[in-house]
Amino acid sequence: QVQLVESGGGLVQPGGSLRLSCAASGNGFSIYDMGWHRQAPGKQRELVASITRDGSTNFADSVKGRFTISRDGAKNTVYLQMNSLSPDDTAVYYCNAEVWTVAVGKRRGYWGQGTQVTVSS
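Reading the values: rules and limits
Residues numbered from 1 in each chain as written. Predicted model: local features only at pLDDT ≥ 70, side-chain atom pairs only at ≥ 80, totals over all residues. Heavy atoms only, no water. Disulfide = S-S within 2.5 Å. Helix = DSSP H or I, 4+ residues; strand = E, 2+ residues; numbered from the N terminus. Buried < 20%, exposed > 50% of the residue type's maximum accessible area, 1.4 Å probe, protein only. Pairing = 2+ DSSP bridges. Axes fitted to C-alpha atoms, helices over the stretch in contact; angles between N-to-C directions.

Asker: Would you mind going over the state of the cysteines in detail, with residue names and values included?
Answerer: By the definition in use, this model includes one disulfide. Bridging C22 to C95, the disulfide has an S-S length of 2.1 Å. Taking the sign of the torsion about the S-S bond as the criterion, the disulfide between C22 and C95, at about -75°, is left-handed. Taken together, the residues C22 in strand β3 (residues 18-26) and C95 in strand β9 (residues 91-101) connect sequence positions 73 residues apart. Like C95, C22 is buried.

This is the structure we're talking about:
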């Protein structure tokens, strides 16, 4: 079994920055694509950013130029650096990863429990 644990959320003022982290743990696994989604109250969950195993990235139009995504393969961790935050960025942010495990023998998606990001003065 693989677990994804997010950290780094919190309350920040408009224009501020936050860095989210998501670490994968478990036994006998290999991680492929990783990413971040978010869900604001009353809205559907949406993709924020993703990164492939070779470092190719993809961003939602609403965060381009403000957010960056990176990963540390040795630590099985993905990061989301969020700058110039606005109240519209307020949401629960979820980490996800496509993971191959020895136990299952094929790739499947895993999700973290989510971390709250609130942008407010």
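We are not done yet, so read on.
Asker: Quick rundown of the sheet that holds strand β1 (residues 2-7)? Include the residues and the values.
Answerer: If you trace the four strands from one edge of the open sheet to the other, you get β1-β3-β8-β7, paired in antiparallel fashion. With one partner strand each, in any of the chains shown, β1 and β7 (67-72) form the two edges of the open sheet. Going across the sheet, the axis of each strand differs from the next one's by a mean of 15°, ignoring polarity. In the sheet, β3 pairs with strand β8 (residues 77-82) via six bridges, with the strands oriented antiparallel. Looking at β8, one finds that S21 is bridged to Y79.

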